[in-house]
Structures are given as C-alpha cells and as structure tokens.
Amino acid sequence: MSKRVVVDPITRIEGHLRVEVEVDENNVITKAWSSSTLWRGIEVIMKGRTPMDAGLLTQRICGVCTYSHYRAGTEAVENALGVKIPVNAEYLRSLMQSSLYMHDHLVHFYHLHALDWVDVVSALSADPAAAAQEALRWTSTPVAAGEGELRAVQERVAKLVATGKLGPFANAYWGNGTYQLTPEQNLIAVSHYLKALEVQRVAAEMLAIFGGKQPHPQSLVVGGVTSVRDMLSPARLQEWKAKHAQVHDFILRAYLPDVLMAAAAYKAEPSVLGGVGVKNFLACQDFAIGNGQYLFQGGVIMNGDLSSVSDIDPTLIKEDVTHAWYQDGPARHPYDGVTEPNYTGFTKRDTVYGELPTVDGDGKYTWVKSPRYNGEPVEVGPLACLLVNYARGNEKVVDAVNGLLEMTGLPVEALFTTLGRTAARLVQTLLVCDAALETFDALVANIVVDQTTFREPVMDPSVEYVGHSMIEAPRGMLSHWVRITGGKVENYQAVVPTTWNSGPIDANGKIGPYEASLIGMKLEDPTKPLEVIRVIHSFDPCMACAVHVMDYKGQDLGQFQVGTPAA
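As the structure is a prediction and not an experimental result, all values here were calculated from the model. (Residues numbered from 1 in each chain as written. Predicted model: local features only at pLDDT ≥ 70, side-chain atom pairs only at ≥ 80, totals over all residues. Heavy atoms only, no water.)

(A) Broad picture of the sheet that holds strand S1 (residues 3-7). Ordered in space as S1-S2-S3, the three strands form an open sheet in which the pairing is antiparallel. Each having just a single partner strand, S1 and strand S3 (29-36) make up the two edges of the open sheet. Taken over all neighbouring pairs, the strand axes of this sheet differ in orientation by 15 degrees on average, direction set aside. By the bridge criterion, seven bridges tie strand S2 (residues 17-23) to S3 in an arrangement that is antiparallel. Across the sheet, Glu20 pairs through a bridge with Trp33, a residue of S3. (Pairing = 2+ DSSP bridges. Helix = DSSP H or I, 4+ residues; strand = E, 2+ residues; numbered from the N terminus. Axes fitted to C-alpha atoms, helices over the stretch in contact; angles between N-to-C directions.)

If you want it as structure tokens, here you go:
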C-alpha cells in the first residue's frame, strides 16, 4: 500500500516550497509533486510602468537573486529598444555577475546544502587531531582545519547541543543512515561552514564595490552603468581584486577539498547516484571576458546526448499552466503570457505523519508554471551549463570537468547524478573565479583609451517594442520578456531557473526536473526523508522568484489587489 510523505516547508532555500511523494511498500518513491505555496504576482505589478524601471522593480522578486533579475530586466528593455551598451558597462556587469556567483555558490554549498551531506552531531565524537590529519588528505594547505581550530569548533557545537537549541543546525535528520562522512570529516565540514559565514561577507562586498550595495544593487540603468568613479579609481579596482583573492583562496583550500572529500565518501551511496530524471539541458551564453569572447556558450542538449548540441531558439519557449494555480489556457510564449491566479487549495488525506492537507496531484497544486522547450521539460543550472559547454568542446570547461573527474576517479556518467550536480556547481565557481580576472584585466586595459559607460536609450511612444534577455544566473538560465506600448510596459514575464526545474506536470503528462529526480529513489525512513531534501537542495531552489511573503504561523500578513475587478 502506498504512503504519502509531506516535506513542508523545505528549509535552507530562498522562498517557500513543499514536496510530497508517494512511496510503495519498499519505501521506493513512485510519485512526486513539487509545490510552491505563495504567488509572485510581479508580472502583473509591472504592467503600466515605465520600462526604464524594469530592472529596479524586478530585482525585488527575490532577496538572493537581486542582481540577476536587475540585470535581466534592464537587458530585456535594452534588447527591445535596440540599445548596445559600451564595452566598459559589459565588463562591469560581468564582474558583478562573477562576484554574485562566488558569493551565491559558496552560500549554497555550505549554508544551504552541506547539512544534507554533513552530520553535525556526529562531529561531536570526532578526534580533532585525527581530523586535522584527515584535512591534509584533501589539500596540503587546509583552511580552519588545524587541531586547535577544530577542537574549538567542536566545543562550540557541544555548547549548542547542551542547551538543546541547535540554532542553524536545528530540525535536521541527524543520524540518518545515508550520511557517509566519518566524524572527523564531519568536523572539518562544520568548521568550514562557520568559516564560510565570514568569507561570504567579503564576496558580497565585491559586488557592492561596483553595484553600490548588495543585495539590491543600484548601478545598472538602461544603456549602461553608473559606477563610473569606482571604475576609474585605482583604489576601488584594487579593493575588488584583493577581495577576489581572499574568496578565491577559500574556494581552493576549502570548497574544492570538501567536494573531493564528499565525492569519495558518497560515490557508492545509492540516494545520490540518481537524481537526474530529465536529461534535457538548457544554458545560455554569458560572462564577457574580453575581445568579444564569453566564458560560457549557450545551447540545448536533448535526451542526454552529449554528441549533439543545438542553438537556442527563443520561439520554442512556452509556459504551461495546466497544473498551476492560474486560469486555464493553452501553453503560451512569454511575450503573450497571462498571469491570472486560480487557487484551488489542498486536500486532506492520511500521510506518514497522520492526516494533513496535501496537494491534489490530479488538479492544480503549485504557483509555479511549467516552462517547456519545444514541448519538453529541461533542466537548467550549473550542471546544464557545464554539460552544454562540455558537449560544445569549450576548452576551459572540458579541462575543468575532466580534471575533477580525474581527481575523484569518477566517470563522465557520474555527472548525471545528484552528486554530479553538486560537483558541477564547484567547477562552475572555479571557472568563474578565473574568468573574472580576465574580465578585470580587459576592463583595466580598455579604460586607458575609453571611459564610456552609458549610451542614451531612445524610445518612441508611438512604436510598439518587444524584447527579451537571457542570462546564466547562479541557478541557471534566466529570461525576462517585455512588450512595450505607448512608452509603458504592456506585458512582462520572467521565466526563472527554478521555474524550469520545479514546474509541475504539463498538459501532456510530462513531469519537470524536481519531480522526475525523485522517482525511483528509496527512502531509508519515510518519516525522515533526508534523501528527498538532499536531491532537491542540489538544484539550489529559489522559490522567492515565484512567491511572496507568508507568516510562519500560517496567518495572513495582508491582502493586495493587483488586478482590476470586473465592473
């Protein structure tokens, strides 16, 4: 007899996500549903606004992906108006994007995803001296992994446990049988978790140097950037480079060794050797590095075939709402997208925790739409980006991927797993770190002969404009689509990475990457579904890109009318 397992909320993500699965008598998942539980509505709010504010408004979609939406919104309008920004502006935007990646990927691995691999309570039984020696197995110059440092971390965690209040380590499935690290390895990872709290602040400061602040930077405008004085200041340029070196050092001496350590420990754990149920992948060109070159190329892979990569055709992107809480209609291209809510609620049924409200898997069950490329679900994100570029023969990506596979002793097929998805984020981080220095050097060389950062956009109110942008955000390909009429936004749609990955089943019965990644996985204990959380976290969900605010007690915070009721 099947049993329903409800994980709500999925924590250590941005936004609000619940996942439900059905397991058979052997605790193998047979069905899965991903549900984002609150509505964004930003697309409706955008209507009637000046397009010059698109980036500033859409970055409020999320408190983590602020720069990504800011840039995508600004560049969608630039595309519509035919604006070609100066090369200095392109370099500065690329440096800000690189800074965001270095911050975002570190925070994801250590503070959002690490506890799916690391048993914090186990670290209390570790021998700090042995742990210090273990750290040297993975790098000759470990960070925050000396015997004294590790002993201090152990004592700090022990005090938390003694109080019964674990703080950031609360509400986890400690002791789950799928944890594979030794106590000493767990202690090393906990030490790096705490050290990463300091390092991520430095990475955030990197973006603020050219962005004005972080989160919600302010220096992008339609036509270029406004951070001219920072660009021309040798002190500010060197400040960025010094912070880059500090963060890069931690990535090389902690992040990389920790992934290698985890790969060795988990390479035989069944729950991380699947997790790629949709083998279609989509990524776009991004990261200007100088002379018209880009770090990453774009393309589409279908059916996991690395021998064939096609160019992206934007006309083949549509969004389906059959099982989303919106008014029914055909799948629509983003230029013609409609966002009209139609909330149908939950259904009570028995679960492994007793009777609970659950999603209606046969009806509507999420605020996330179902994007499709040529009618097919696709995965986006670091894994998709690396696979597309590996298949393209991108020399930097091929060398980096092959290098990691050689260090871990894993085959190329290991990329198509939860473990591979997590490792791909590290490889992407390393590539972006190196490429950022190329961009920095290109900027410094260019400002000697050209200090232009802005070109005035021209908009004729009597003309209708349409435009879009595609960028490779930390969680994957992000696109914004705008239609401008009478000098105002007539229609606006944002197709975000987590929408691609977490969308529900579509009208043709095809399921998206989140749901497909869980089918067939066996749970050790359905009441403690760590395996589900580990797989979902490997995508780095950002549900705030699809929802707004809720009170943790389930109370209404307020009601907002974003549409005009019929007379």
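(B) Quick peek at the side chain of Gln428. Tracing the backbone shows Gln428 in helix H12 (residues 418-446). Filtering out sequence-adjacent residues up to four positions away, Gln428 remains in contact with Tyr101, His105, Phe296, Pro382, Cys385, Leu386 and Pro474. (Contact = heavy atoms within 4.5 Å.)

(C) Highlighting unusual backbone geometry. In this model, Asp8 is joined to Pro9 through a cis peptide bond whose omega is 0 degrees. As for its position among the elements, Pro9 is in the loop between S1 and S2. Along the chain, Gln214 connects to Pro215 via a cis peptide bond; the corresponding omega equals 5 degrees. Tracing the sequence through the fold places Pro215 in the loop between helix H7 (183-211) and strand S4 (220-221). Although it is not a glycine, Asn27 adopts a positive phi angle of roughly 65 degrees. Within the secondary structure layout, Asn27 lies in the loop between S2 and S3. Exposure remark for Asn27: the relative accessible area of 15% places this residue in the buried category. Of note in this structure, Asn303 is not a glycine but carries a positive phi near 60 degrees. Structurally, the position occupied by Asn303 is in the loop between strand S9 (299-301) and strand S10 (317-320). Judged by relative accessible area, which is 67%, Asn303 ranks as exposed. (Buried < 20%, exposed > 50% of the residue type's maximum accessible area, 1.4 Å probe, protein only.)

(D) Expanded view of the packing of helix H11 (residues 395-408) against H12. It is the contact of H11 with H12, at a shortest axis distance of 10 Å, that shows an interaxial angle of 135 degrees. The angle between the axes of H11 and H12 places the two elements in the oblique class. Seen from above, H11 lies across H12 with right-handed handedness. The segment H11 lies against H12, with Lys396, Val397, Ala400, Val401 and Leu404 engaging Ala423, Leu426, Val427, Leu431 and Glu438. (Parallel < 35°, antiparallel > 145°, perpendicular 65-115°, else oblique. Left-handed = near helix turned anticlockwise from the far one by under 90°.)

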